[in-house]
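Each chain is listed here by its residues.
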Number of protein chains: 2
Amino acid sequence: MNPQLETLPYDFLYHIGYSKEDAKKIFGDVKFVVMGGSSKRMVSFAEKIAKAINHPQTELQHLDMTRTDRFCFYKIGPVISVNHGMGVPSITILLHEILKLLHYAEAVDPVIIRIGTSAGLGLPAGTVVITDRAVNDYVEEQHKIIILGKRVQRPAVMSKPLADEILKAQTNTTFITTLGTTMCTDDFYEGRTNAACCDCTTEEKLAYLKEIHQKGVSNIEMEATALASLCNKAGFKCAIVCVTLINRLEGDQVDIPPDVYASYQERPQNLVCDYICGKLAGNY
Amino acid sequence: MNPQLETLPYDFLYHIGYSKEDAKKIFGDVKFVVMGGSSKRMVSFAEKIAKAINHPQTELQHLDMTRTDRFCFYKIGPVISVNHGMGVPSITILLHEILKLLHYAEAVDPVIIRIGTSAGLGLPAGTVVITDRAVNDYVEEQHKIIILGKRVQRPAVMSKPLADEILKAQTNTTFITTLGTTMCTDDFYEGRTNAACCDCTTEEKLAYLKEIHQKGVSNIEMEATALASLCNKAGFKCAIVCVTLINRLEGDQVDIPPDVYASYQERPQNLVCDYICGKLAGNY
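Reading the values: rules and limits
Residues numbered from 1 in each chain as written. Chains lettered and ligands numbered in written order. Predicted model: local features only at pLDDT ≥ 70, side-chain atom pairs only at ≥ 80, totals over all residues. Heavy atoms only, no water. Least-squares fit on C-alpha atoms with pLDDT ≥ 70 in both. Contact = heavy atoms within 4.5 Å. Axes fitted to C-alpha atoms, helices over the stretch in contact; angles between N-to-C directions. Helix = DSSP H or I, 4+ residues; strand = E, 2+ residues; numbered from the N terminus. Left-handed = near helix turned anticlockwise from the far one by under 90°. Nonpolar A, V, L, I, M, F, W, Y, C, P; charged D, E, K, R; others polar. UniProt positions renumbered as here; feature names shortened; annotations may be inferred. Salt bridge = Lys/Arg side-chain N within 4 Å of Asp/Glu carboxyl O. Buried < 20%, exposed > 50% of the residue type's maximum accessible area, 1.4 Å probe, protein only. Core = buried A, V, L, I, M, F, W, Y, C linked by side-chain atoms within 4.5 Å. Buried area = accessible area lost by both parts, 1.4 Å probe. Polar contact = N/O pair within 3.5 Å; in protein donor to acceptor, adjacent residues only side chain to side chain. Pairing = 2+ DSSP bridges. Domains from an automatic or database assignment. Arc of directions from axis to C-beta.

Turning our attention to the relation of the copies chain A and chain B. Rotating chain A by 180° and moving it 0.0 Å along the rotation axis overlays it on chain B with an RMSD of 0.0 Å. Expressed as a symmetry operation, the mapping of one chain copy onto the other fits a two-fold axis. The C-alpha atom lying nearest the rotation axis in chain A is that of Gly85 of chain A; the distance is 3.3 Å. Comparing interface residues between copies, 100% of those in chain A also sit at the interface in chain B, which points to an isologous, same-surface contact.

What follows deals with the packing of helix H2 (residues 39-52) of chain B against helix H8 (residues 258-280) of chain B. Packed helices, taken two at a time, are described by the angle between their axes plus the distance between the axes. Residues and elements named next belong to chain B. Between H2 and H8, the shortest axis-to-axis distance is 10 Å and the interhelical angle comes to 35°. The handedness of the crossing between H2 and H8 is right-handed. Between H2 and H8, the residues in contact are Arg41, Ser44, Phe45, Lys48, Ile49 and Ala52 and Gln265, Glu266, Gln269, Asn270, Val272, Cys273, Ile276 and Cys277, respectively. Of the residues contributing to the contact of H2 with H8, the split by class is 7 nonpolar, 4 polar and 3 charged.

Turning to the UniProt feature "domain: Nucleoside phosphorylase" (unreviewed entry) in chain A, a few remarks are in order. Listed under "domain: Nucleoside phosphorylase" (unreviewed entry) in the UniProt record, and renumbered for this structure, are residues 31-276 of chain A. The span residues 31-276 of chain A shows a helical share of 36% and a strand share of 28%, and its end C-alpha atoms are spaced 9 Å apart.

Below, the discussion takes up the pattern of salt bridges. Per the stated rule, a full pass over the model turns up 34 salt bridges over all chains. The closest approach of N and O atoms between Arg133 of chain B and Glu141 of chain B, which form a salt bridge, is 3.2 Å. We classify Glu141 of chain B as partly exposed; its relative accessible area is 35%. Between Asp252 of chain B and Arg248 of chain B there is a salt bridge; the shortest N-O distance is 3.0 Å. Taking relative accessible area as the criterion, Arg248 of chain B reaches 6% and is therefore assigned buried. Residues joined in a network through salt bridges with shared partners are Arg154 and Lys233 of chain A together with Glu190 and Asp199 of chain B.

Glancing now at the nonpolar core. Ranked by size, the top nonpolar core spans 88 residues in total, and within it Ile112 of chain A together with Phe45 of chain B carry the most contacts. In terms of residue count, helix H4 (residues 88-105) of chain A provides more of this core than any other element does, 11 residues in total. Aside from chain neighbours lying at most four places away, what touches Phe45 of chain B is Val34, Val79, Ser81, Ile115, Gln269, Val272, Cys273 and Ile276 of chain B. Ranked by size, the runner-up nonpolar core spans 87 residues in total, among them Ile49 of chain A together with Phe73, Ala134 and Cys231 of chain B.

To continue, consider the interface of chain A and chain B. If you look at the interface, chain A gives 67 residues, while chain B gives 67 residues. Roughly 6100 Å² of surface becomes buried between chain A and chain B when both sides are summed, with 56% attributable to carbon and sulfur atoms. Three residues, Met86, Leu148 and Ala196 of chain A, lead the burial of chain A against chain B; their summed loss comes to 13% of the area buried on that side. Measuring nitrogen to oxygen at the nearest pair gives 2.9 Å for the salt bridge that ties Arg154 of chain B to Glu190 of chain A. Counting across the chain A and chain B interface gives 28 residue pairs in polar contact (both at pLDDT 80 or more).

One can find Phe32 of chain A in strand E3 (residues 32-36). Ignoring anything within four residues of it in the chain, the contact list for Phe32 of chain A reads Pro78, Val79, Ile80, Val111, Tyr275, Ile276, Lys279 and Leu280 of chain A.

Residues and elements named next belong to chain A. Summarising burial for strand E7 (residues 128-135): 6 of the 8 residues are buried, a large majority. Bridging between E7 and strand E10 (residues 177-184) involves 7 bridges; their strand directions are parallel. What sits directly across from Ala134, in E10, is Thr182. Pairing of E7 with strand E12 (residues 237-247), which is carried by 3 bridges, proceeds in the antiparallel orientation. Pairing of Val128 across the sheet is with Val243, part of E12.

Turning our eyes to something else, we now look at the domain arrangement of chain A. All names here are of chain A. Taken domain by domain, chain A holds domain 1 (11-109) and domain 2 (116-284). Taking the mean C-alpha position of each, domain 1 and domain 2 sit 22 Å from one another. Each partner contributes to the interface: domain 1 provides 23 residues, whereas domain 2 provides 24 residues. Taken over both partners, the interface formed by domain 1 and domain 2 buries close to 1900 Å², and the fraction arising from carbon and sulfur atoms is 77%. Three residues, Phe32, Arg41 and Val88, lead the burial of domain 1 against domain 2; their summed loss comes to 30% of the area buried on that side. Our enumeration of links across domain 1 and domain 2 arrives at 1 salt bridge. Across the pair Lys48 and Glu266 runs a salt bridge whose closest N-O atoms are separated by 2.6 Å. The tally of links from domain 1 across to domain 2 stands at 7 residue pairs in polar contact (both at pLDDT 80 or more). Breaking the side of domain 1 that touches domain 2 down by element, the ones donating at least two residues are E3, helix H2 (39-52) and H4. The leading source of residues in the side of domain 1 that touches domain 2 is H4, at 7 residues. Classifying every residue of the side of domain 1 that touches domain 2 gives 15 nonpolar, 6 polar and 2 charged.

Residue and element names in this part refer to chain A. Mapped onto the elements of the fold, Ile113 is located in strand E6 (residues 111-120). Exposure remark for Ile113: the relative accessible area of 0% places this residue in the buried category. Between the C-alpha atom of Ile113 and that of Leu162, which follows or precedes it by 49 residues, the distance is 9.6 Å. With sequence-adjacent residues up to four places away left out, Ile113 is seen in contact with Val33, Val34, Met35, Ile166, Ala239, Val241, Val272 and Tyr275.

Further remarks concern helix H5 (residues 160-168) of chain A. All names here are of chain A. Residues of H5 that are buried: Leu162, Ala163, Glu165 and Ile166. Along H5, the residues classed as buried sweep out an arc of 160° about the axis, all on the same side. What points out from H5, more than 90 degrees from its buried face, is the exposed set Pro161 and Lys168. Looking at the packing, one finds that the buried side of H5 touches E6, E7, E10, E12 and helix H8 (258-280). The N-cap of H5, judged by a side-chain oxygen 3.2 Å from the amide nitrogen of Leu162 a few residues on, is Ser159.

The structure is reproduced here in structure tokens:
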């Protein structure tokens, strides 16, 4: 962590609405921070985990600790459920504040788990991928950022033991759950032929997707290397569990019927719910 | 626009929840798309503009056309009010879908206006900056992205006449409103000394901020070059109107009292509201 934090007379975590003073009072018991892009998904996860861990309160209004309109924020005993929006800049804003919150709270070995949706490569839609390698657009386990006008590269390190533990928690065999390499990109549409503006042909797109697939990429999303690099640098373990919505080797259009989409979104939630219950029960 | 769009048998704009078929039926009359990071701000803007243009419906429930939990979405006659989340990846997801929606709707010369918050340089907090140049971390009027593993650079072009028209609409002289150069970065915390992890000293930070200030940068936010480059490429005019929340030459902490913060957030909303009313009245 940043040693300069100790010298701050106060610290207001502006995007989540909590301060350094709140941290220890409220968040000292946190063991799991579960995050996902969509606020609806994280509200649903809050309800699910409350029931799963037999939390005395299962009604949302008692779990809702949202203080801003940037991120929804729920606390269910040792679990925080929070949304991170879409893309690297959005998740890093949340992560800096969540990691500071956990640090100020002196929470003991909390883990950060992202549950998300993603595009798959060569996998049937609905597959659950637990990330064991997070790579950038060049298939490197690195996260590149620009700090004060200078390019900085940080290793994107996932926790292999944590990924293995989550895989062990899977009991549903009606779909594939697998460890895999997850690519993080900064753009959803560029490189898709249904973008508003498009600089590539279907052939160029497929050649690139096949190439990265051959290099081992299982799925593509928009946060992995940021999460992996920042948690690694700050000394936190993290995991990413994503369901695939399409097989990009077959097309670009996400056009799943709403009920199927809802059932796919449940898969990472259910798995992480089972993992947390098992972990709290001392199974791993 | 992407000529491949014409060959698509259907196109579902997955993150806003509208399809190609909806477009012409519902959005043909759109003249202004106003967007901002926070959903609360865009709900507030929807109410404000409904009253300002004497829209027959001013109650939110009649204006709310939100279909997903990714972005809030309001339509008030010729105005769409929508939030874009935080950062380049999030706003580009929205923009690709909004630009396709306007294209399919055959909307006539609609303009895209972002109303946001930003950090200022050498300006008192509460200043309103209308962007006339959008620059990246290297103070270049360019937006850099990676498409299919290859680096692509696109010019970030703002519409000077549109910025001038918006400036003319300003009547409130109790705070500064100015044209300015806006820098777009991908990170809120890196480069701030109150980040969870920090690779820079206060001296390095101030040296960089003074350097970019001398190169003409008035304010810093997280979407400008993406908006400018994508709108320019697709043939749409765009504007950015941001209020500054702090003067970064004096500190990193955003700690404005809630009522002051609320009044600052109103400033770009009020200005864009007045601009739209003036434009609809034929004043510009």
